[in-house]
Amino acid sequence: MDLKAFFKLSYGLYIISSVSGDLDCGCIANTLQQVTAEPPMLSIALHKDNRTTRAILESGKFCGAVLTEEADMNLIGAFGFQTSEKFDKFGGFSSERDENGVRYVTDCVAARYSCEVVDSVDLGTHIMFIGKVTAAETLCNDPVMTYDYYHRVVKGKTPAKAPSYKGEDVKADEPAPAKASAEKWQCAICGYIYEGELPEGYQCPICGVPASKFEKIG
Ligand SMILES: Cc1cc2nc3c(=O)[nH]c(=O)nc-3n(C[C@H](O)[C@H](O)[C@H](O)COP(=O)(O)O)c2cc1C
């Protein structure tokens, strides 16, 4: 199969959020799309291991927020490379709670859609949720982030849990193996650990942030 053929698909970039008891959950996804107009319905494909997926299964609700081009790796790294189980993703950003009690980010967000799940499909690694939109709102008219813009301009990466993940995306600029006694640095955005002296101009191979975002851990 020609895996490069999948690069021809185009997407936007979204934060999908939900709530699980007291825990506000959210993750980055590129797979949100409108599937019907009357009634307005959206679909979203989320990995079964995502904490947000479990929250949607429990609550039957989710909110989709459309990211603008202003969204940087602090926002995308927090929501796309960490888990809501261990990390308060909403802490550093402005947010609101929708009519269903689901929190959604308002920073660098052009619109939000609040949904109630009406169906779901087990896709093996992922679950596709079909959500009926119960409220929708435009937050700003700034240009929205496309998946192409994310790769080309933001120079962001795609983690393995995204349906659009291509193995080579991460392996392409993996650093050379380090010497055993080397120092250790950790990316504050996605948690990636680099062993050895950080090279000049180094960028995290997972989330793409510069060396200044790394903290020395050993
Ligand atoms: C650019 C990008 C696109 C992504 N697309 C998806 C997606 O469509 N579906 C999915 O399940 N995860 C996707 N992810 C991965 C999740 O955002 C990531 O696994 C997140 O850490 C899950 O957080 P949670 O455990 O708090 O739910 C994407 C991540 C990035 C950075």
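Please read these numbers as outputs of a predicted model, since none were measured by experiment.

Let us now look at the overall build of the protein chain. Within the protein chain one finds four helices and twelve strands. In terms of C-alpha radius of gyration, the protein chain reaches 18 Å, essentially the compact-globule figure of 17 Å for 218 residues. Expressed as lengths along the three principal axes of its C-alpha atoms, the size of the protein chain is roughly 60 × 40 × 35 Å. Expressed as a percentage of the 218 residues in the protein chain, the buried residues total 44%. Intrachain contacts of the protein chain at a sequence separation of at least 6 include 60% that bridge at least 24 residues. Roughly 11300 Å² of accessible area belongs to the protein chain as shown, and the carbon and sulfur atoms make up 51% of that amount. Between the mean site of the 22 positive side-chain charges and the mean site of the 30 negative ones, the protein chain shows a separation of 5 Å.

One open sheet accounts for seven strands, arranged β2-β1-β5-β8-β9-β4-β3; its pairing is antiparallel. Two strands bound the open sheet, and with one partner strand each, they are β2 (23-29) and β3 (33-36). Sheet twist, expressed as the mean angle between neighbouring strand axes with direction ignored, is 35 degrees. Pairing between β3 and strand β4 (residues 41-47): three bridges, direction antiparallel.

Quick look at the site of the ligand now. Taken together, 28 residues form the shell around the ligand, and within it Ile 28, His 47, Thr 52, Gln 82 and Ser 84 come nearest. The contact in question runs from an oxygen atom of the ligand to an N or O atom on the side chain of Thr 52, over 2.6 Å. Interatomic distance of 2.9 Å between a side-chain N/O atom of Lys 89 and an oxygen atom of the ligand. Here the ligand, which alone exposes 640 Å², has 98% of that area covered by the protein. If you map the ligand onto the pockets, it falls in the largest pocket. Listed by contribution, the elements that provide at least two residues to the shell around the ligand are β2, β4, α1 (51-59), α2 (73-81) and α3 (147-152). Sort the elements by how many residues they give to the shell around the ligand and β2 lands first, with four residues. Tallied by class, the residues present in the shell around the ligand amount to 13 nonpolar, eleven polar and four charged.

Its volume calculated, the largest pocket comes out at about 480 Å³. Lining the largest pocket are 32 residues, and of these Ile 28, Asn 50, Gly 80, Pro 159 and Lys 161 sit closest to its centre. Of all the secondary structure elements, the ones that give two or more residues to the lining of the largest pocket are β2, β4, α1, α2 and α3. Of the residues that constitute the lining of the largest pocket, the class distribution is 15 nonpolar, twelve polar and five charged.

Attention shifts here to the domain arrangement of the protein chain. We note that the domain assignment places domain 1 (10-152) and domain 2 (167-216) within the protein chain. The interface is formed by seven residues belonging to domain 1 together with eight residues belonging to domain 2. Counting each side, the surface lost to burial between domain 1 and domain 2 is near 540 Å², with a carbon and sulfur contribution of 56%. Its largest share of buried area at the contact with domain 2, domain 1 owes to Met 73, Asn 74 and Phe 81, together 70% of the area lost on that side.

A word on the state of the cysteines. Inspection of every chain in the model, using the stated rule, returns zero disulfides. Lacking any disulfide linkage, Cys 27 is separated from the closest cysteine sulfur, that of Cys 25, by 9.0 Å. For Cys 27, a relative accessible area of 6% puts it in the buried group.

Right, let's get into α1. Along α1, the residues classified as buried are Arg 51, Thr 52, Thr 53, Ala 55 and Ile 56. Contacts from the buried residues of α1 go to β1 (14-20), β2, β4, β5 (61-67), β8 (109-122) and β9 (126-138).

Criteria and thresholds
- Residues numbered from 1 in each chain as written.
- Predicted model: local features only at pLDDT ≥ 70, side-chain atom pairs only at ≥ 80, totals over all residues.
- Heavy atoms only, no water.
- Helix = DSSP H or I, 4+ residues; strand = E, 2+ residues; numbered from the N terminus.
- Rg over C-alpha atoms; globule rule 2.2 N^0.38 Å.
- Buried < 20%, exposed > 50% of the residue type's maximum accessible area, 1.4 Å probe, protein only.
- Contact = heavy atoms within 4.5 Å.
- Areas by Shrake-Rupley, 256 points an atom, 1.4 Å probe, with all protein chains shown as cover.
- Lys, Arg positive; Asp, Glu negative; His and termini not counted.
- Charge placed at Lys NZ, Arg CZ, Asp CG, Glu CD.
- Pairing = 2+ DSSP bridges.
- Axes fitted to C-alpha atoms, helices over the stretch in contact; angles between N-to-C directions.
- Near = heavy atom within 4 Å.
- Polar contact = N/O pair within 3.5 Å; in protein donor to acceptor, adjacent residues only side chain to side chain.
- 1 Å grid on protein atoms, 1.4 Å probe; cavity = no way out; pocket = protein on both sides within 12 Å on 5 of 7 lines; lining within 4 Å.
- Sits in = over half its atoms within 2 Å of the grid points.
- Nonpolar A, V, L, I, M, F, W, Y, C, P; charged D, E, K, R; others polar.
- Points joined across faces, edges and corners; volume = space filled by probe spheres on them.
- Domains from an automatic or database assignment.
- Buried area = accessible area lost by both parts, 1.4 Å probe.
- Disulfide = S-S within 2.5 Å.

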